Amino acid sequence: MLSHPVYIERATASFQSAENGFVFAEPDYKVWIKNANMRRRMSRMVRMGVATGMECLDGITEPIDAILTATGYGCLTDTEIFMNSFLDTDEQQPSPSSFIQSTFNTIGAQLAILTDNHQYNNTYVHRGFSFESALADAISLLAEGDARKVLAGATDEMTPTLNTLLGRMGNWKHYAPGEGAAFFLLSSTPPEQTPAIIIQDIEMITGDYTKEELQHLADNFIAKHGIQTAKFISPDSYKCFCGEYPTSTSFALWMACKAPELFKTGLPIVICNSFLKNHSFILLRSTL
Amino acid sequence: MTALKQELKEALIDTLHLEDITPEEIEDAAPLFGDEGLGLDSIDALEIILILERNYGIRIEKPSEGKEIFYSIQTLADYISEHRKK
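Residues numbered from 1 in each chain as written. Chains lettered and ligands numbered in written order. Predicted model: local features only at pLDDT ≥ 70, side-chain atom pairs only at ≥ 80, totals over all residues. Heavy atoms only, no water.

**Structural notes on the layout of surface pockets**
Right, so step 1: The calculated volume of the largest pocket comes to roughly 690 Å³.
Right, so step 2: In terms of lining, the largest pocket is formed by 21 residues, of which the most central are Y175, K211, L214, P235 and S274 of chain A.
Right, so step 3: The set of elements that each furnish at least two residues to the lining of the largest pocket consists of helix 9 (211-223), helix 10 (235-242), strand 10 (269-275) and strand 11 (278-286) of chain A.
Right, so step 4: Among the residues making up the lining of the largest pocket, the classes are represented as nine nonpolar, eight polar and four charged.
Right, so step 5: For the lining of the largest pocket, the two domains that each supply at least three residues are domain 1 (6-187) and domain 2 (197-286) of chain A.
Right, so step 6: Around the second largest pocket, the lining comprises 20 residues; the ones closest to its centre are I81 and S95 of chain A together with D14, T15 and H17 of chain B.
Right, so step 7: Elements represented by at least two residues in the lining of the second largest pocket include exactly helix 2 (36-41), helix 4 (76-88) and helix 5 (96-102) of chain A together with helix 1 (2-15) and helix 2 (42-56) of chain B.
Right, so step 8: For the lining of the second largest pocket, the element with the highest residue contribution is helix 4 of chain A, accounting for five residues.
Right, so step 9: Split into classes, the residues belonging to the lining of the second largest pocket amount to two nonpolar, 10 polar and eight charged. (1 Å grid on protein atoms, 1.4 Å probe; cavity = no way out; pocket = protein on both sides within 12 Å on 5 of 7 lines; lining within 4 Å. Points joined across faces, edges and corners; volume = space filled by probe spheres on them. Helix = DSSP H or I, 4+ residues; strand = E, 2+ residues; numbered from the N terminus. Nonpolar A, V, L, I, M, F, W, Y, C, P; charged D, E, K, R; others polar. Domains from an automatic or database assignment.)

**A closer look at the nonpolar core**
Right, so step 1: Membership of the largest hydrophobic core comes to 51 residues, with the highest contact counts inside it found for L186, I199, W254 and L284 of chain A.
Right, so step 2: When residues of this core are assigned to domains, at least three map to each of domain 1 (6-187) and domain 2 (197-286) of chain A. (Core = buried A, V, L, I, M, F, W, Y, C linked by side-chain atoms within 4.5 Å. Buried < 20%, exposed > 50% of the residue type's maximum accessible area, 1.4 Å probe, protein only.)

**Concerning unusual backbone geometry**
Residue and element names in this part refer to chain B.
Right, so step 1: The phi dihedral of H17 is positive, around 50°, even though this residue is not glycine.
Right, so step 2: Its place among the elements puts H17 in the loop between helix 1 and helix 2.
Right, so step 3: Residue classification places H17 among the partly exposed residues on the basis of a relative accessible area of 43%.
Right, so step 4: Positive phi, close to 55°, is recorded for D20, a residue that is not glycine.
Right, so step 5: For D20, the location among the structural elements is in the loop between helix 1 and helix 2.

**Considerations on the pairing of strand 10 of chain A**
Residues and elements named next belong to chain A.
Right, so step 1: Most of strand 10 sits out of view: six of its seven residues are buried.
Right, so step 2: Relative to strand 10, strand 9 (residues 231-233) is paired through three bridges, and the arrangement is parallel. Bridged to F232 within strand 10 is V270.
Right, so step 3: By the bridge criterion, seven bridges tie strand 10 to strand 11 in an arrangement that is antiparallel. Opposite I269, over in strand 11, you have L284 as the bridge partner.
Right, so step 4: Counting the residues in the hairpin turn of strand 10 and strand 11 gives two residues, including L276, whose phi is positive at 55°. (Pairing = 2+ DSSP bridges.)

**Here we look at the confidence of the model for chain B**
All names here are of chain B.
Right, so step 1: In this model, chain B carries an average pLDDT of 91, and 100% of its residues clear a pLDDT of 70 or more.
Right, so step 2: For chain B, helix 3 (residues 66-69) is the element with the lowest average pLDDT, namely 90, and helix 4 (residues 73-83) is the one with the highest, namely 96.
Right, so step 3: As scored by the predictor, the complex reaches a pTM of 0.90 and an ipTM of 0.73. (pLDDT = per-residue confidence, 0-100.)

**A word on helix 1 of chain B**
Every α-helical turn comprises 3.6 residues, leaving residues that sit three or four positions apart pointing alike.
Residue and element names in this part refer to chain B.
Right, so step 1: For helix 1, built from 14 residues, the straight-helix expectation of 20 Å at 1.5 Å per residue is met to within 8% by its first-to-last C-alpha distance of 20 Å.
Right, so step 2: Of the residues making up helix 1, those classed as buried are L4, K5, L8, K9, A11, L12 and I13.
Right, so step 3: Buried residues belonging to helix 1 abut helix 2 and helix 4.
Right, so step 4: A positive phi of about 50° marks H17, the residue just after helix 1. (Expected span 1.5 Å × (residues − 1). Contact = heavy atoms within 4.5 Å.)

**Re the packing of aromatic side chains**
Residue and element names in this part refer to chain A.
Right, so step 1: Under the definition given, this model contains 11 aromatic pairs over all chains.
Right, so step 2: Centre to centre, the rings of F15 and W254 are 6.3 Å apart; their planes meet at 40°, and the pair counts as tilted. On the criterion of sequence distance, the pair formed by F15 in strand 2 (residues 15-18) and W254 in helix 11 (residues 248-258) is long-range, its members being 239 residues apart.
Right, so step 3: Between F82 and F99, the ring centres sit 5.3 Å apart and the planes meet at 45°, which makes this aromatic pair tilted. Here F82, found in helix 4, pairs with F99, found in helix 5; they are 17 residues apart in sequence, far enough to count as distant.
Right, so step 4: By relative accessible area, F82 is classed as buried at 15%.
Right, so step 5: Exposure remark for F99: the relative accessible area of 44% places this residue in the partly exposed category. (Phe/Tyr/Trp six-rings, centres within 6.5 Å; stacked < 30°, edge-to-face > 60°.)

**A short note on the sheet that holds strand 6 (residues 149-156) of chain A**
Residue and element names in this part refer to chain A.
Right, so step 1: Within the open sheet, the nine strands sit side by side as 5-4-6-7-1-8-11-10-9. Their pairing is mixed. The open sheet terminates on both sides in strands that have one partner only, identified here as strand 5 (120-124) and strand 9. When the angles between neighbouring strand axes are averaged without regard to direction, this sheet yields 25°.
Right, so step 2: Sheet topology note: the strand 4 (residues 66-70)/strand 6 ladder contains five bridges and is parallel. The residue bridging L68 from the neighbouring strand is A152, located in strand 6.
Right, so step 3: The strands that helix 9 touches are strand 8 (197-206), strand 9, strand 10 and strand 11; relative to strand 11, the one it contacts most, it runs at about 40°. (Axes fitted to C-alpha atoms, helices over the stretch in contact; angles between N-to-C directions.)

In structure tokens:
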């Protein structure tokens, strides 16, 4: 449970509002990654993450005390290129560029290089808890006074190979395959614009649970905060827009930031997620 | 030689993901590295070494020769013509 409120000052994503909700929309990469030499080496996922992160920091003059990124799958396109180059050349001539770009912390590192940021920089790769873990770290840094502003975000991409493999394993029974990037500028002080959204708590649970058991766990989660009733955002209500991927809660959080009407009832909001055996709850409230 | 230079330009564009550049826009004599030419760097040099090995069976034995060999499309094509094994 947090001892200090954490405010979402800004939220950006590779999605945009549409008539019936939200649709995937890649950022204009040339706007956010001006250096053509950097851009050409980046795969689509790296571009997507870096551009979304850069957009989140656009015009921010205060120092950023930490950059935290998350990915469940990693930079798959470059990983596939690198692994295929191993196979094709009998392990003799692997491609150096794809190796460099296939590492999980590529996006956080590129953001640090582009913004000349030498602060704490960490990447979380924890399956369905990747984004939640990055968020938990950001919240700890802010709550304990180790940081005043933190950039935290998540990126995952879908490749044809992964789509086929996970499809064979039956992963798309409930939701279509998805991908996306979302970044958040988090602050320990209230932002100028109101209403502000506050992240109150995060909980992560692993195991096989029925829907009823998960609802019971969610009720217990809000009860810890003395809350009797909350608006639960189920995976069904956001994965219809973003699809299924390990860090889809980053989209759900962005969606909550872009849809203030969700908070109109005055009830706190709980983003619920289940990715395989990883289940999470993110408790939000508004300063409305 | 003209076909080889075209092949090299296409390989560079493809392997190095050169954006918004066509083979016709790469001049044969223009420097590949540094600010004046294509602006390639040391990681690109590694990729070019792999192109030479993979496509032409050429291993650069003396790294000190690399600067001359990799200067332009023309110097690369000259070296490949002379040393290619496939």
